[in-house]
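Analysis of the macromolecular model
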Amino acid sequence: MSDGTGSTHPRLRSSAIGDPVAFAEHIRARLQSEIPAYRGIATESLVPSIAGALESLIGATVGDRPLDEPELTRFREYGALRAEWGVSLDAMLRGWQIVVGETIERIGTSQDWATRPGAALISVLGSLLRASDAATVAYSSGHREAESQINRRLDNRRDEMVRALAEGSLPAGELRRRAQYIGLRLDGSYAAFRAITAEPEHTEWELRQRPGFRPPHGVVALLDGDVVGACDPRDAAPPPPGVYLGIGPECPLERMPHSLHIAGRVADTARLFGKPGRHTLIDLGVLPAVVGDSDIGAAVVARYITPIHTAEAGAILATVDAYLAAGLNASETGHRLYLHHNTVRYRLSRFEELTGASLKDPHVAQQVWWALRYRELDADGS
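Summary of the structure given here.

Here is what the cut-offs are and how they apply
- Residues numbered from 1 in each chain as written.
- Predicted model: local features only at pLDDT ≥ 70, side-chain atom pairs only at ≥ 80, totals over all residues.
- Heavy atoms only, no water.
- Pairing = 2+ DSSP bridges.
- Helix = DSSP H or I, 4+ residues; strand = E, 2+ residues; numbered from the N terminus.
- Axes fitted to C-alpha atoms, helices over the stretch in contact; angles between N-to-C directions.
- Contact = heavy atoms within 4.5 Å.
- 1 Å grid on protein atoms, 1.4 Å probe; cavity = no way out; pocket = protein on both sides within 12 Å on 5 of 7 lines; lining within 4 Å.
- Points joined across faces, edges and corners; volume = space filled by probe spheres on them.
- Nonpolar A, V, L, I, M, F, W, Y, C, P; charged D, E, K, R; others polar.
- Expected span 1.5 Å × (residues − 1).
- Buried < 20%, exposed > 50% of the residue type's maximum accessible area, 1.4 Å probe, protein only.
- Arc of directions from axis to C-beta.
- Polar contact = N/O pair within 3.5 Å; in protein donor to acceptor, adjacent residues only side chain to side chain.

As for the sheet that holds strand E2 (residues 219-223)
Spatial ordering of the open sheet is given by E2-E3-E1-E4-E5, a layout of 5 strands whose pairing is mixed. Whereas interior strands pair on both sides, the edge strands pair on one side only; in this sheet they are E2 and strand E5 (277-280). Neighbour-to-neighbour, the strand axes of this sheet turn through a mean angle of 20°, independent of strand direction. As defined by bridge partners, strand E1 (residues 190-196) adjoins strand E3 (residues 226-231) across 5 bridges and the pair is classed as antiparallel. Of the residues in E3, the one forming a bridge with Ala191 is Cys231. Its contacts with the sheet place helix H8 (residues 256-272) against E1, E3, strand E4 (244-251) and E5, and it is angled at close to 155° to E4.

Here it is as structure tokens:
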């Protein structure tokens, strides 16, 4: 090894980078100037961390040796600390490039190397880069592990928050504190949602990718097998295919239990009637009432469906349903069903004959429509 005279195997002197604290301060300034993720971190926290990393890096380079286990542990802690600060892995890697680049420049321009041959400098920089590569592996591992732990904690807090919203079990002050912790806006308005889906984990992941469903605009969690939470009321994008997404009324956080109740009714109604997509209470009209009031449903079925006990019951009821949808226009009904208008009139007459009710009566027409919708639910085994 070199004794400082320019041997072919020279060692780096730790003094080559100058005052380590001043050097760490210089690097801190660059990090906060060039990488936004570092700007909110206090100098008194950031500088010692940089100085510690430089100490380990230079120590291994001076000794022309691999990083030892305590040094690797220090770098894992370096990565974990940045994850806790909210610095992403990409931002940390960019920051480490600055650290290594500044170190190389400081060594290459120091007086110690002014008269050394280029091969000597290359040898020392090779040792530095080997140590840097090992450090990168260690701090990346530390960052990923810490980030995973942070995400698990956040997932738990988010799930607890959504369950509390659904149950209305938290005092207003505690609700707002938890909302602030997961990044929701305390003064914002939200719409509750419930998504019924065959793939809840996948749907949860997809919704979390949307700006309107993640903080500060919303929160998504799994609750009792469904995907539940709060979202931006202005987010009108459809859900993934095959998902029944019910949206509740817009409200502040304190009113979320009511909004979640409505969202659940809407999602369940959409599922029962086979209407995937995004729906609000207004979109579905009175269908949620059809689902929710079985007494009325059973009564109108007994009054208007049960009497149609002939072999042509299916055709008669399908024609009546189309007639109601066509605004009580027999010609339009025939056009929609590809039937002659006499066939339409015959079937409508048979319905009125068997039930003793006139479809021209608006009150009767409403009840018949309700009976037909309830019959759909009964046919599905619901």
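What follows continues from the structure just given.
Quick notes on empty space enclosed by the protein
The method is simple in principle: a probe with the dimensions of a water molecule rolls over the atoms, and the space it marks as empty is what remains. Tallying each qualifying case throughout the model produces 1 cavity of 30 Å³ or more. Quantified by volume, the largest cavity comes out at close to 30 Å³. Taken together, Arg157, Glu160, Met161, Arg178, Tyr181 and Ile182 form the lining of the largest cavity. The set of elements that each furnish at least two residues to the lining of the largest cavity consists of helix H5 (118-167) and helix H6 (172-181). Considering each element in turn, the lining of the largest cavity owes the most residues, 3 residues, to H5.

Comments concerning the layout of surface pockets
In this structure, the largest pocket spans a volume of roughly 230 Å³. Together, Asn151, Leu154, Asp155, Arg158, Ile182, Arg208, Phe213, Arg214, Pro215, Val219 and Val220 line the largest pocket. Residue assignment for the lining of the largest pocket shows that the elements contributing at least two residues are H5 and E2. Counting residues per element, the lining of the largest pocket draws most heavily on H5, which supplies 4 residues. Partitioning the lining of the largest pocket into residue classes produces 6 nonpolar, 1 polar and 4 charged.

So, helix H3 (residues 69-85)
Taking 1.5 Å per residue, 17 residues should reach 24 Å; H3 reaches 24 Å between its end C-alpha atoms and fits that length. Among all positions of H3, only Glu71, Leu72, Phe75, Tyr78, Gly79, Arg82 and Ala83 are buried. All buried residues of H3 lie within an arc of 135° about the axis, which places them on one face of the element. Among the exposed residues of H3, those oriented more than 90 degrees off its buried face are Pro70 and Glu77. Regarding H3, its N-cap is Asp68, as a side-chain oxygen of that residue lies 2.8 Å from the backbone nitrogen of Glu71 further along. After H3 finishes, the residue Gly86 shows a positive phi value of roughly 90°.

Concerning unusual backbone geometry
A cis geometry characterises the amide bond from Pro215 onward to Pro216, with omega recorded as 10°. Examined against the element boundaries, Pro216 turns out to sit in the loop between helix H7 (200-208) and E2. Of note, Asp224 is a non-glycine position whose phi angle comes to about 55°, a positive value. Tracing the sequence through the fold places Asp224 in the loop between E2 and E3. Here Asp224 falls in the exposed class, since its relative accessible area comes to 64%.

A word on the side chain of Thr355
Along the polypeptide, Thr355 turns up in helix H13 (residues 341-355). With a relative accessible area of 8%, Thr355 lands in the buried category. A polar contact of 3.3 Å, which involves the side chain of Thr355, links it to the backbone nitrogen of Ala357. Contacts of Thr355, omitting those with residues within four sequence positions, involve Arg303, Tyr304, Pro307 and Ile308.

So, the pairing of E1
Taken across its 7 residues, E1 has 7 buried, putting it largely inside the fold. Neither face of E1 is exposed, since Tyr190, Ala192, Arg194 and Ile196 on one face and Ala191, Phe193 and Ala195 on the opposite face are all buried. Here E1 runs beside E4; their pairing, made up of 6 bridges, is antiparallel. Note on E4: the bridge partner recorded for Tyr190 is Cys251.

Bear in mind that shape data such as this cannot, by itself, settle questions of function.
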